[in-house]
Amino acid sequence: MADLPSDNRDSFSSKFGVIAAAAGSAVGLGNIWKFPYIAGIYGGAAFLFVYLGFILAIGIPVMLSELIIGRSSQSNAFGAFKVLAPGTPWRYIGILGVSAAFLILSFYGVVAGWSLQYILLSVQDGFSNKSPEEIATLFSTLTESPVRPVVLQLIFMVLTGAIVIVGIKKGIEKYTKILMPLLVIILLFLCVKSVSLEGAKAGLEFLFKPDFSKLTGDGVLSALGHAFFTLSLGMGTLITYGSYVKRDNNLLSTVINVTVADTLIAIMAGVAIFPAVFAFNIAPAQGPGLIFITLPNVFHQMPGGFIFSILFFILLTVAALTSSISILEVVVAYFKEEFKLGRRFATVLATILISILGVLCSLSMGVLSPFTFMGLNIFDLMDWISANLLLPIGGMFIAIFIGWVYGRKKVHKEMSFGGNLSGALLSVFMFLVKFIAPIAIAIVLLNKVGLLKFS
Ligand code: PFF
């Protein structure tokens, strides 16, 4: 029988479990694949500073808002607004989130499929004795091929579905608790290795010395979009996960732990990559291929690189998996609770529908590349619409909802379960969600669509 939103709900079993799952969602391809290449395009450090500003002023309050909405409603991203603001159009924010989940997972699965291929290549020692050009060709041949990346993407989607079908406690929680620390250890090693390469200094300067002349309006929009993407915000992932969090959990400390972990891992990925990029004379603005071209170059020149390349791509895939599970869960929880489907059927249905869009994304790198919209192929379009439009818009309304509809009193009550939010902190939080987050997001979006011009 289909379960109702508030009964038979699965939940996380421990505080660490909540942090591991939420950090597992946050830390993913966004940190290791996307952050370094977007920072590369928009001038490194200048981008990093704007991005950190958005994380602090907008990311943290919106993450807290999502968890409050989820835990207090005990419902999926759409149902949550029905519970908290019955009979109002707020529920459509949930629909926006579910749509964003579709778009994001469709291209996310493609990149995770590439990562699977790179595990295979690493095992076959496929990077040794290859020139940087040959390593670059390896990547373009893979992404443009019509079969292999599609198959790998489907394998990844089946893996994602297989975990989601089991539920929250038994799948995600146990898994993330072990694998996330391992990811950090490998990344640390790579950072040390990369920094000790000859010519590494230029890479560190690129990452930490700001040159604001490279930061365009597009760069600011990307920094905002990426702040949402990397923290898994704006589409109800943390509303959904929040609905599985018990009342004794201190939400603020969860948010701080997750944000710090996510930010540190993104910066570490930058430190692992840019010194190597400069040491091997690869252009930092290389785009999405950066990690699949640069790191293999590092691996095949370092002692023990064979083992480390295997471990790195396994962990990249795992980081992707702990995020993709959280994206799929948004859709599954919605199908399950709103259409009264069983978890099993909801998971299979969501996985199939998203995979169909995913196949189109994959093919858009090769045979479907002539089909473009605004100059973007399907893959880039899914990425651009979701990160730059849907997530910020979703985040803006989530902040407005908590600031203006849900209100200070209820926030105070929800936050006093399992913790305490002092009066001053509560005021800062309310100020951020009522004014700063919505206004800043609106300015960046209006600037983007040309209704407001700063530069
Ligand atoms: N935060 C994930 C990453 O950085 O890879 C991606 C992601 C997960 C985005 C969940 C959005 C989301 F709801």
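Each remark here, short or long, concerns the structure printed above.
Now for a look at the structure at hand. (Residues numbered from 1 in each chain as written. Predicted model: local features only at pLDDT ≥ 70, side-chain atom pairs only at ≥ 80, totals over all residues. Heavy atoms only, no water.)

### As for the site of the ligand
Line of reasoning, step 1. Taken together, the neighbourhood of the ligand is formed by 16 residues, with Ala26, Gly30, Tyr108, Phe229 and Thr237 sitting nearest.
Line of reasoning, step 2. A distance of 3.0 Å separates an oxygen atom of the ligand from a polar backbone atom of Ala26.
Line of reasoning, step 3. Protein chains shield 100% of the accessible area of the ligand, which is 340 Å² for the free molecule.
Line of reasoning, step 4. Sorting the residues of the shell around the ligand by element identifies helix H1 (15-26), helix H2 (29-41), helix H5 (91-123), helix H10 (217-230) and helix H14 (305-338) as the ones contributing at least two each.
Line of reasoning, step 5. By residue class, the composition of the shell around the ligand is seven nonpolar, nine polar and no charged. (Near = heavy atom within 4 Å. Polar contact = N/O pair within 3.5 Å; in protein donor to acceptor, adjacent residues only side chain to side chain. Areas by Shrake-Rupley, 256 points an atom, 1.4 Å probe, with all protein chains shown as cover. Helix = DSSP H or I, 4+ residues; strand = E, 2+ residues; numbered from the N terminus. Nonpolar A, V, L, I, M, F, W, Y, C, P; charged D, E, K, R; others polar.)

### What to know about the side chain of Ser11
Line of reasoning, step 1. Within the element layout of this structure, Ser11 appears in the segment before H1.
Line of reasoning, step 2. If we skip the residues at most four places from it in the chain, Ser11 touches Ile168, Lys169, Glu173, Tyr244 and Lys246. (Contact = heavy atoms within 4.5 Å.)

### What about the side chain of Ser73?
Line of reasoning, step 1. Looking at the element boundaries, Ser73 is found in helix H3 (residues 45-73).
Line of reasoning, step 2. Among the residues examined, Ser73 registers a relative accessible area of 8% and is labelled buried.
Line of reasoning, step 3. Separated by 2.7 Å, the side chain of Ser73 and the backbone oxygen of Ile69 make a polar contact. (Buried < 20%, exposed > 50% of the residue type's maximum accessible area, 1.4 Å probe, protein only.)

### Let's talk about the environment of Thr160
Line of reasoning, step 1. Of note, Thr160 is situated in helix H7 (residues 148-166).
Line of reasoning, step 2. On a C-alpha basis, the gap between Thr160 and Ile267 in space is 27 Å, while along the polypeptide they are 107 residues apart.
Line of reasoning, step 3. In contact with Thr160, not counting residues within four places along its chain, are Leu321, Ser324, Ile325 and Leu328.

### A word on the packing of aromatic side chains
Line of reasoning, step 1. Throughout the structure, instances matching the rule amount to 33 aromatic pairs.
Line of reasoning, step 2. With 6.5 Å between their ring centres and 15 degrees between their planes, Phe81 and Trp90 make a pair best called stacked.
Line of reasoning, step 3. Judged by relative accessible area, which is 1%, Phe81 ranks as buried.
Line of reasoning, step 4. Ring centres 6.3 Å apart and planes at 75 degrees place the aromatic pair Trp90 and Phe397 in the edge-to-face group. With a gap of 307 residues between them, Trp90 in the loop between helix H4 (77-84) and H5 and Phe397 in helix H16 (residues 378-406) connect regions that are remote in the sequence.
Line of reasoning, step 5. A network of ring pairs unites the aromatic residues Phe107, Tyr108, Trp114, Tyr118, Phe127, Phe139, Phe229, Phe292, Phe312, Phe313 and Phe379 as a single cluster. (Phe/Tyr/Trp six-rings, centres within 6.5 Å; stacked < 30°, edge-to-face > 60°.)

### Quick word on the pattern of salt bridges
Line of reasoning, step 1. Applying the stated criterion across every chain, the model contains six salt bridges.
Line of reasoning, step 2. Note that Arg343 and Glu329 form a salt bridge whose closest N and O atoms lie 3.0 Å from each other. Highlighted residues: Arg343 in helix H15 (residues 343-363) and Glu329 in helix H14, separated in sequence by 14 residues. Grouping residues by exposure puts Arg343 and Glu329 together as buried. (Salt bridge = Lys/Arg side-chain N within 4 Å of Asp/Glu carboxyl O.)

### Notes on the packing of H3 against H10
Line of reasoning, step 1. Interhelical geometry of H3 versus H10 gives an angle of 45 degrees and a closest axis separation of 9 Å. Relative to H10, the element H3 is oriented oblique. Helix-helix and strand crossings are classified by hand; for H3 and H10 the assignment is right-handed. Of H10, the residues touching H3 (which contributes Phe47, Val50, Tyr51, Phe54, Ile55, Ile58 and Val62) are Gly219, Val220, Ser222, Ala223, Leu224, His226, Ala227, Phe228 and Thr230.
Line of reasoning, step 2. Among the residues forming the contact of H3 with H10, the class breakdown is twelve nonpolar, four polar and no charged. (Axes fitted to C-alpha atoms, helices over the stretch in contact; angles between N-to-C directions. Parallel < 35°, antiparallel > 145°, perpendicular 65-115°, else oblique. Left-handed = near helix turned anticlockwise from the far one by under 90°.)

### Thoughts on the nonpolar core
Line of reasoning, step 1. Judged by nonpolar contacts, the single largest core of 160 residues is most densely connected at Phe292 and Phe312.
Line of reasoning, step 2. Non-local contacts of Phe292, meaning those with residues more than four positions away in its chain, are made with Trp33, Val111, Trp114, Ser115, Tyr118, Ile135, Phe139, Phe313 and Leu316. (Core = buried A, V, L, I, M, F, W, Y, C linked by side-chain atoms within 4.5 Å.)

### Considering H16
Line of reasoning, step 1. Its maximal kink placed at Ser386, H16 deviates by approximately 35 degrees.
Line of reasoning, step 2. Sitting at the head of H16, Asn377 places a side-chain oxygen 3.2 Å from the backbone nitrogen of Phe379.
Line of reasoning, step 3. Where H16 terminates, the next one or two residues include Gly407, which has phi positive at roughly 85 degrees. (Bend = angle between axes of the 7 residues up to and from the residue.)

### Quick word on the environment of Val184
Line of reasoning, step 1. When you line up the elements, Val184 lands in helix H8 (residues 168-195).
Line of reasoning, step 2. The exposure class of Val184 is partly exposed, given its relative accessible area of 29%.
Line of reasoning, step 3. Distance in space between the C-alpha atoms of Val184 and Met268 is 8.8 Å, their sequence separation being 84 residues.
Line of reasoning, step 4. Not counting residues within four places of it along the chain, the set of residues in contact with Val184 comprises Ile265 and Met268.

### Considering a nonpolar patch on the surface
Line of reasoning, step 1. Nonpolar side chains collect at one region of the surface, where Trp404, Val405, Phe431, Phe435, Ile436, Ile439 and Ile443 lie side by side and expose about 610 Å² of accessible area between them.
Line of reasoning, step 2. Of all the secondary structure elements, the ones that give two or more residues to the nonpolar patch are H16 and helix H18 (423-449).
Line of reasoning, step 3. Considering every element that reaches the nonpolar patch, the biggest residue donor is H18, with five residues.
Line of reasoning, step 4. Relative to the assigned elements, Ile443 resides in helix H18.
Line of reasoning, step 5. We classify Ile443 as partly exposed; its relative accessible area is 34%. (Patch = residues over 30% accessible without salt bridge, like charges linked within 9 Å, V, L, I, M, F, W, Y side chains within 5 Å.)

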